[in-house]
Amino acid sequence: MFTTYPSHVVLVFSLFSNVALAALPLVDFDRMGTVGLAGAFAGLELFQNASSSPPFDPATSTLFSRDADGVLSRLASTNAGGHVSAGCNLKNTFYVAGSFSSIGSISANNIASYTPSSVSFSALGSNGPNGQVDSIFCDVTGNKVWVGGSFTSPGSNVAVWDPKSSSWSPPPFVGVSGAQSRVFSITANASDSSIFFAGSFITTFPGSGAVLDGTNNPNVPVSKGATPFTSSLVPIPLNNADVDGSPPTSDGQFSDIKNILCPSGADGPGNSWLAADASEALVTVRTFSFISVNGIRLGNTFQGSHGTAGFSVITIPDNKVQTLHYRDPATGQTQACSDPCPLSADSTLLYQDFLFDNTLTITGVQVKLSQFTGTGAGLHLLQLLSSGAFASSVDSNNGVSCFAPSPSNTTRTGDWAAKVANTGIAGTTQTVLVASVDVGTPAARGPTFTWVPYVSASGNYDINLLIPGCTNFQDCDSRTSVKITVFPGVGLQPRVATVSQQNKDDATILLYSGPILPSSPDFVATISMTLADDPVGSGQGGKYELVADRVQMVLKSVGDSTSNSSSGSGSTQGTNTGFGFLEWPRSLAASDADATKILPNSTLTPLDVVGIDMFNGAGGSNGLSFANPSAITTVAHHPSGNIYLGGNFTLSSGSASGSANLVAFKSGSLSSLSNDGLNGPVTSVLLNGDQLFVGGGFSDTLSGSTSGKLKGVALYNVQSNSWSPLGAGVDGSVTSLSLVNGQVLVAGNFTRALTSLNGGAATTGFATWDIEKGAWVNSGGFVVGSISFVGNETSTTQLVAGNAGAARRVGASGMVILKNGDRKTGPAITPLGAQLDTVQSNVTPTTLQRRSPIPSSAWMSHILRSKLFSRQTPSTKLAPLPTSIPAPAPAVLAGVFWTNSSSSTQVAIIGGNFSFFASGSIAESEALAIYDSAAATIRSLQGPQLNGTVRSLLVDESLLYVGGEFIIQNTKTNDLAVYDLSKQIWNVEEIPALRGTDGSPVVVRSVTKSASKDNTIIVAGTFSEAGSLRCQSICAYDTSSKQWNTLGSGIQGEVASIAYAGDSQELLIASGSIALSDNTVSNVVQFSFSNSTWIALGKPGDLPGPVTAIEVNNGNVSSIFAAGRSTEDSSSFLSFWNGVTWSILSSTLQGSTNVAQLTMVPLQDRHSANGVIEPDRMLMVSGLLSDSTFGNASSALYDGQTFIPYISASSASGSSGAVASLFRSFSSFSFNQRHFLATGVVILISIAIAAGVVFLIALIGILWTLLSRRDDKMTKFDAAEDDDDDSTHHRPSSLLEHINAATRTTIMGTGPFATTGEKEDEKATQDNHDPFGPDASNYMRAETPSDAVGGMLAEETSRPAHARYSFDGAGEGELPISAGAELEVLDDRDPAWWYARDARTGQEGVVPAAYLY
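As the structure is a prediction and not an experimental result, all values here were calculated from the model.

Caption draft 1: Representation of the overall build of the chain within the structure. A count of helices and strands for the chain gives 11 helices and 94 strands. Within the chain, the proportion of its 1413 residues that are buried is 54%. For the chain, the share of sequence-separated contacts (at least 6 apart) that also reach a separation of at least 24 residues comes to 62%. By element, 50% of the accessible surface of the chain is carried by carbon and sulfur atoms, the whole surface being about 57,400 Å².

Listed below in structure tokens is the structure:
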């Protein structure tokens, strides 16, 4: 299951320093309630100008900073081909390392420092590591930065940076070398008293005892193309082999290919072979018997204009092109190649040695010389290298090896005869010697056989006895056991072993592992075989059969691995050789030790046994030089003292024999983990208490105990010695792990975090595992690419690096919740608390078994069928609806909020094209989910589950209406369904099914409800019938009668979007590809619920094509916005309806734009555009937007003049994401803004009011005094005189007239958003009758001046008007009119319907207000 951060954790945008957040409008999300943003995206962010946010280049490695909420901020990128592999923090400076020549704007070789406070990068000196850095350790105790990798300066694969002196130095032990000469891990031990180095290198400590002769065969010439190890491998004699080189040169001095098997002189005639000019050459060597080959030695020729530049090796009989490994003469580093491999053109280089991945048992090779210098290819030397040394029981196979003073040989007693086996390979034989002995014969009196191999150099060898299987020789019944005695050298104890020869298949038996002295006149190593003292088996015919085949000596390390010369000082028997691990105590900071040579015993620690045991168990130097080379890549030290070592290795001997890729070192020796480790390489380990998190390229334990659930990442419990999966892992390899706040950050090359073997969520390259929840959670940010590194920058932030193709600051799986942030940081964004996945179901909408409609006899609308179809006319050919925005799973296409009345908990119900695992469930659900943002949990609806895609949702009280393209499992319900949220059941028989024309698919795009129509649900999309009712693409469902009803005379075409207009939503606005029933094409039409009449908004052709989205501005029928695509689907448009005509709004939207939704959103401030949108709001345009000025965006804000890109989103693949819907919990809200004055202003106003009150009291006093005096004077006037006075001096009408005149302009005048036409303004101005005249009659009947002009004035019996459109007036009380007819409006108090008289006929009735002007 997937969860995420708790609901109180929100991601607040803080844009990059060079992006001005103030440039983006401040949308007032809180005024709309809880707001959700849904779409087909996996990550999003506020739009950033392309110039300040250049596109990602996957060829570079990009470094991100990750904050406490997981938001990713892009810091810098490396040069193309660069790579960041490690990093660490030391005293508020972060060091990043890898393989790069620049990062950001600075030049830096392989390592740089980053200062978060200044957001700046710096190079570290000029003499830093001259090769790749694989590991870095910030040593807080020593205030140093240790780096390891593959470089030669300033130290050998290890170097130290001193921040105080700003200087580089080699480590106290010079460095490390051998094997792959690479350091992959540097860490401190648990007590911080020493430093661990791990990788692929050799360490050597002196032992005690006999001294091994350090001299190699002096006849072997020294070459920089070889190592002491490869120079010690005895070449296989090819004197009896079939060797062919074709096509050869015509020059007889250079045409004999056998001259190069062991040339007797320098490069020249008789010692070199040249191929024919201008042709690819092929050298074939066949022995026709099995030989053990470790590699090939080639020497180039420099004769005339011939030479080989590139070659490949194909082995026989498997006909396989082999991967070869060699030392690069120029750099000294080990390289790998295949086809072709380079052959040096350096004439001072006598030969180069190339090793196979492993020692191969073959019958020959083909060397293809595919590239040459000059006119043709050629060679001076060709040899096949053995595994070390060898001896065959068949004398003819023991020829003199090139450069060897003597051949291997054998001695024997008794009667031995040759026996040939059937190999099953044409032309290939297997010959051995056998001897018969009577059953019961004592060993001392039986036959003996001794092999005397020629050993070229002292070293540590494994001696193997090859025993052919008895099945091929058909002698199983006569086989028995033998006693083998190995004499390794003077002063070395012999090794005795009893070996059974009853094996049915060929077997290789290890007889001895240890030091061997080289062959000399004074000593040769021998391997002797006799009958066992107590032989097994009963024999056949009274006789046992002893079999002698070959002895193979596998060189593990040479006696002097530090010397490149043919002689050396020797090494001590029992020398302690280690592999891949070195502990360096801090107390040895000042030392003259050199780990590239032999370290003094004074530096040996008890934990250096780790390396020694690894060397012995992993196969020694020989096995450590091959492809996918053995290496220890990561180390963790448990407080108990146990050390856990991960890497790429297999242990074939020792205390942890059989283990692979992960072992423990405890109680002084290596120890196997449960199920013998893992079946693939380990790249990172992380300890959290007793929890060991492991990352790498594995899928299970070595024994397969978890059925493949440990893909890429796993958890090992130290105490219980048991494995646990993290979900089901990831679908790729893991390169790095980090721990922060109880979460494991997982980086690597993968695309999904798995919850089951097949299910999971898209999370490319970066995933987060919550330890407490035991679940994958949202990582916060979003990135697409192969992530190579994640590490802690501070206690709360991290640095993330990798080859990113796309990134967004916020990771969100199809939905986020938006809230107001502060004016500086922008909106607060809470990602969906669950990771949605692609749909795993094999069921698709086109293959779903859909319900058949109910027969017409089953039910019938209250409208008679004769009337229902009486007004239908032949259909009009309409353009198809444009393709919906791309919505690859996971995508959320619709959402609603619902508050559970019993718990008062608000949840979001989302639908779309996705699947998920409900919290705590192992069953997968899809298409529809309930999300509790407070608990950050997701759950499915109880009962049968959906298969398909949900496109529309509506909650009506406790009923959830679901529309789209789907079926409900185990029911006959499809495309439209009702779910009772309170009862948690599907009402599967609630709604009769929808049906398409001639069985075409049904798509329900809109399920809505008008506030003016109770018990009515409006369903729209693509369909032709509802139940048995003919109802094209839009239909009304009566929830009380459970019946479908048509809306008026219906429409034709397809509906994409629905909106409502009017104060009580009494007008329905439908958009799409539409024609009225009379074939009038109008892609936006209006339906009036009051008179059940459809009208077209605008004339045919006013809109360029079908409309995909519609929005009514706050219910104003004279302010409608429509977006869509042209009829030919080549361009997009945005149009505005002003109540009279459509106008195309100028925009820079490009042809690829696809608008999914238009919605008007309120602002926290005001915009200054003088357009068709009020200053307190903007139109949010969402979908997949492409603009010539700002590029790509997923949502943009339109102020009436300009598009302002607002949100950019990306899909899981990194392509542009789309926003499908913005939905809110408030069904309605006010755009009116509340403004609050500053505290200081409020105080000043308060003072002013107080002063005003004082002044008012004083004024009242003065007036009272004056009035009192006037009353005194009035008593002196005669009453008759008063009667004769002009009454106009005492009537209030004159005063009211002036007040009304002053307010009249305000009341009847027009602003930029008034709906009154210009002609009405002129009439109001020219009218001789003044409703606010001196008689004040309107004042007497109206409480306010606005009431007086709310409709027709009392004195006005009519006013003239004209018909804009024709209206059939078929309904009761309706007045039929024709376009252009003269009318008298008798009553216009209703905003939608006016009562009028036809001036020509005298008929009266109601007509749509919008039809008149």
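Caption draft 2: Inspection of the packing of aromatic side chains at higher detail. Taken as a whole and assessed by the stated rule, the structure comprises 29 aromatic pairs. Here Phe 311 and Phe 354 contribute two aromatic rings whose centre-to-centre distance is 5.0 Å and whose plane-to-plane angle is 80 degrees, an arrangement assigned as edge-to-face. Of the two residues, Phe 311 sits in strand β23 (residues 308-316) while Phe 354 sits in strand β28 (residues 352-372), which places them 43 residues apart along the sequence. Comparing Phe 311 with Phe 354 shows no difference in burial state: the two are buried. Ring geometry for Phe 914 versus Phe 916: centroids 6.1 Å apart, planes at 45 degrees, classification tilted.

Caption draft 3: Structural detail: helix α3 (residues 609-618). Here α3 lies mainly inside the structure; seven of its 10 residues are buried. For α3, the set of buried residues is Val 610, Gly 611, Ile 612, Met 614, Phe 615, Gly 617 and Ala 618.

Caption draft 4: Fine view of the pairing of strand β88 (residues 1191-1198). The buried count for β88 comes to six of eight residues, which makes it a mostly enclosed element. Relative to β88, strand β87 (residues 1177-1187) runs antiparallel, the two being bridged by seven bridges. Within the sheet, the bridge partner assigned to Ser 1186 lies in β88 and is Asn 1192. Counted between consecutive antiparallel strands, the loop separating β87 from β88 contains three residues. Bridge count for β88 against strand β89 (residues 1203-1210) is four bridges, and the pairing is antiparallel. Paired with Ala 1196 across the bridge in β89 is Pro 1205. Following β88, the chain reverses through four residues before pairing antiparallel with β89; Gly 1200 in that reversal takes a positive phi of roughly 105 degrees.

Caption draft 5: A look at the pattern of salt bridges. Inspection of every chain in the model, using the stated rule, returns 27 salt bridges. Between Arg 586 and Asp 192 there is a salt bridge, and its shortest N-O distance comes to 2.8 Å. Of this pair, Arg 586 sits in the loop between β43 (576-585) and α3 while Asp 192 sits in the loop between β17 (177-188) and β18 (194-205); the two residues are 394 residues apart in sequence, bridging distant segments of the chain. Residue class for Arg 586 comes out partly exposed when judged on its relative accessible area of 22%. Residue Asp 192 is classed as partly exposed on the basis of its relative accessible area, which comes to 28%. Put simply, Lys 419, Asp 475, Arg 479 and Glu 545 are held in one network by salt bridges that share partners.

Caption draft 6: Region of interest: the state of the cysteines. Scanning all chains against the criterion turns up five disulfides. Covalently, Cys 337 is tied to Cys 341 through a disulfide, its sulfur atoms 2.0 Å apart. Taking the torsion about the S-S bond as the criterion, the Cys 337 to Cys 341 disulfide, at about 100 degrees, is right-handed. In this structure, Cys 337 and Cys 341 share a single accessibility class: buried. Cys 1031 shares a disulfide with Cys 1035; S-S distance 2.1 Å. Residues Cys 1031 and Cys 1035 are joined through a disulfide that is right-handed, its torsion about the S-S bond being 115 degrees. Overall, Cys 1031 belongs to the buried group, its relative accessible area being 2%. If one numbers only the bonded cysteines of the chain, in the order they occur, the disulfide pattern is 1-2, 3-6, 4-5, 7-8, 9-10.

Caption draft 7: A look at a nonpolar patch on the surface. Residues Phe 1255, Leu 1256, Leu 1259, Ile 1260, Ile 1262, Leu 1263, Leu 1266 and Leu 1267 make up a contiguous nonpolar surface patch of roughly 760 Å² in combined accessible area. Position of Ile 1260 among the secondary structure elements: in helix α6 (residues 1239-1274).

Caption draft 8: Structural context of the sheet that holds strand β63 (residues 891-900). Strand order in the open sheet formed by four strands is β63-β64-β65-β66, with antiparallel pairing between adjacent strands. In this open sheet, the two strands that pair with only one neighbour each are β63 and β66 (937-939). Within this sheet the neighbouring strands show an average axis-to-axis angle of 30 degrees, counted without direction. Strand direction decides the pairing type here: strand β64 (residues 905-917) and strand β65 (residues 924-932), joined by seven bridges, are antiparallel. Across the sheet, Ile 909 pairs through a bridge with Ile 930, a residue of β65.

Caption draft 9: Highlighting the pairing of strand β45 (residues 643-650). Counting buried residues in β45 gives six out of eight residues, a clear majority hidden from the surface. Pairing of strand β44 (residues 631-637) with β45 involves six bridges; the strand directions are antiparallel. Bridge pairing in β45 places Val 635 opposite Leu 645. Between the end of β44 and the start of β45, which pair antiparallel, lie five residues, with Gly 641 showing a positive phi angle near 105 degrees. Bridge count between β45 and strand β46 (residues 660-666): five bridges; the pairing is antiparallel.

Caption draft 10: Representation of the sheet that holds strand β93 (residues 1393-1398) in the model. Strand order in the open sheet formed by four strands is β91-β92-β93-β94, with antiparallel pairing between adjacent strands. The open sheet has two free edges, formed respectively by β91 (1359-1362) and β94 (1404-1408), since each of these has just one partner strand. Neighbour to neighbour, the strand axes of the sheet diverge by 50 degrees on average, direction disregarded.

Caption draft 11: Representation of the side chain of Ser 813. Checked against the element boundaries, Ser 813 lands in the loop between β60 (810-811) and β61 (815-819). A polar side-chain atom of Ser 813 sits 2.9 Å from the main-chain amide nitrogen of Leu 836.

Caption draft 12: Fine view of unusual backbone geometry. With omega at -10 degrees, the peptide bond leading from Ser 246 into Pro 247 counts as cis. Residue position: Pro 247 is located in the loop between β20 (242-246) and β21 (273-274). Even without glycine at this site, Asp 998 takes up a positive phi of about 50 degrees. Assignment of secondary structure puts Asp 998 in the loop between β71 (994-995) and β72 (1003-1008). Here Asp 998 falls in the exposed class, since its relative accessible area comes to 80%.

Caption draft 13: Highlighting the confidence of the model for the chain. Here the chain averages 82 in pLDDT, and 84% of its residues register 70 or above. The weakest mean pLDDT in the chain belongs to helix α10 (residues 1337-1341) at 32; the strongest belongs to strand β80 (residues 1084-1088) at 97. This stretch, residues 208-215, has a pLDDT under 50; its non-local contacts, to residues over four places away or in other chains, come to 30 contacts. Predicted confidence is poor over residues 560-574, with pLDDT under 50, and the contacts of this stretch with residues over four places away or in other chains come to 41 contacts.

Caption draft 14: Here's a closer look at the environment of Gln 1233. Relative to the elements of secondary structure, Gln 1233 occurs in the loop between β90 (1218-1224) and α6. A sequence separation of 57 residues divides Gln 1233 from Asp 1176, and the C-alpha atoms of the two residues are 7.2 Å apart. Contact partners of Gln 1233, with chain neighbours within four places excluded, come to Arg 31, Leu 1163, Gln 1164, Asp 1165, Arg 1166 and Asp 1176.

Caption draft 15: Quick look at the environment of Ile 509. Looking at the secondary structure, you find Ile 509 in strand β38 (residues 507-516). Among the residues examined, Ile 509 registers a relative accessible area of 28% and is labelled partly exposed. Residues Ile 509 and Asn 464 lie 45 residues apart in sequence; the distance between their C-alpha atoms is 5.3 Å. Residues in contact with Ile 509, not counting those within four places in the same chain, are Ile 463, Asn 464, Leu 465, Ile 467 and Val 499.

Caption draft 16: Layout of the environment of Phe 897. Among the secondary structure elements, Phe 897 is positioned in strand β63. The buried category is assigned to Phe 897, whose relative accessible area is 13%. Through-space distance from the C-alpha of Phe 897 to that of Ile 930 is 9.5 Å; in sequence the pair is 33 residues apart. Setting aside residues up to four positions removed in sequence, Phe 897 forms contacts with Thr 34, Val 35, Gly 36, Gln 906, Val 907, Ala 908, Phe 1223, Arg 1224 and Ser 1225.

Thresholds, definitions, all that
- Residues numbered from 1 in each chain as written.
- Predicted model: local features only at pLDDT ≥ 70, side-chain atom pairs only at ≥ 80, totals over all residues.
- Heavy atoms only, no water.
- Helix = DSSP H or I, 4+ residues; strand = E, 2+ residues; numbered from the N terminus.
- Buried < 20%, exposed > 50% of the residue type's maximum accessible area, 1.4 Å probe, protein only.
- Contact = heavy atoms within 4.5 Å.
- Areas by Shrake-Rupley, 256 points an atom, 1.4 Å probe, with all protein chains shown as cover.
- Phe/Tyr/Trp six-rings, centres within 6.5 Å; stacked < 30°, edge-to-face > 60°.
- Pairing = 2+ DSSP bridges.
- Salt bridge = Lys/Arg side-chain N within 4 Å of Asp/Glu carboxyl O.
- Disulfide = S-S within 2.5 Å.
- Patch = residues over 30% accessible without salt bridge, like charges linked within 9 Å, V, L, I, M, F, W, Y side chains within 5 Å.
- Axes fitted to C-alpha atoms, helices over the stretch in contact; angles between N-to-C directions.
- Polar contact = N/O pair within 3.5 Å; in protein donor to acceptor, adjacent residues only side chain to side chain.
- pLDDT = per-residue confidence, 0-100.

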